[in-house]
Amino acid sequence: QVQLVESGGGLVQAGGSLRLSCVGSGRRFSIYTMGWYRQTPGKQRELVATVTSGGITNYQDSVKGRFTISRDSVNNTVYLQMNSLKPEDTAVYYCKAAHPFLGIDYWGQGTQVTVSS
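The model shown is predicted, which means the values in this text are computed figures rather than measured ones.

Undergrad: So what's going on with the state of the cysteines? Residues and values would help.
TA: Enumeration according to the criterion identifies one disulfide in this entry. Each sulfur of the disulfide joining C22 and C95 lies 2.1 Å from the other. Its S-S torsion of approximately -80 degrees makes the covalent link between C22 and C95 left-handed. One end of the pair, C22, is in strand β3 (residues 18-26); the other, C95, is in strand β9 (residues 91-98), and 73 residues separate them in sequence. Taking relative accessible area as the criterion, C22 reaches 0% and is therefore assigned buried. Look at C95 and you get buried, because its relative accessible area is 0%.

Structure follows, in structure tokens:
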């Protein structure tokens, strides 16, 4: 069992920055592929960025060059540094832990990010 708690969301003006954090607990947290996803009303949840246990990252095209995902395995924390934010980045952001072999996913409760124009 893995539990995830996100923080760091808020209201920011376009062009500004935010850093989201996701603290995980549970056995063998470091083996999980971690990801950030986002969702707006009426739309499906979409991948923003992922990072494997080995540090390999993947990004949605719209955030490449602006967002950076990283993980601190010692403190069981995953970060999403978001720079040059745009109004279209407004969404609820969710943290996900994906077991690399068992096909089991865990989700956090989400944190709201609002970017004003």
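Undergrad: So what about the sheet that holds strand β1 (residues 2-7)? Which residues, and what values?
TA: If you trace the four strands from one edge of the open sheet to the other, you get β1-β3-β8-β7, paired in antiparallel fashion. On the outer flanks of this sheet lie β1 and β7 (67-72), each paired with one strand and no other. The mean inter-strand angle of the sheet, taken between neighbouring strand axes irrespective of direction, is 15 degrees. Both β1 and β3 contribute to a ladder of six bridges, which runs antiparallel. Paired with V2 across the bridge in β3 is G26.

Undergrad: So what's going on with the pattern of salt bridges? Residues and values would help.
TA: Opposite charge on two side chains lets them pair, provided their charged atoms get close. Inspection of the entire model under this criterion finds five salt bridges. In this structure, the salt-bridge partner of D89 is R38, at a minimum N-O distance of 3.0 Å. Here the residue D89 occupies a position in the loop between β8 (77-82) and β9, and R38 occupies one in strand β4 (residues 33-39), the gap between them amounting to 51 residues. Per residue, the accessibility class of D89 equals that of R38, and both read buried.

About the thresholds
Residues numbered from 1 in each chain as written. Predicted model: local features only at pLDDT ≥ 70, side-chain atom pairs only at ≥ 80, totals over all residues. Heavy atoms only, no water. Disulfide = S-S within 2.5 Å. Helix = DSSP H or I, 4+ residues; strand = E, 2+ residues; numbered from the N terminus. Buried < 20%, exposed > 50% of the residue type's maximum accessible area, 1.4 Å probe, protein only. Pairing = 2+ DSSP bridges. Axes fitted to C-alpha atoms, helices over the stretch in contact; angles between N-to-C directions. Salt bridge = Lys/Arg side-chain N within 4 Å of Asp/Glu carboxyl O.

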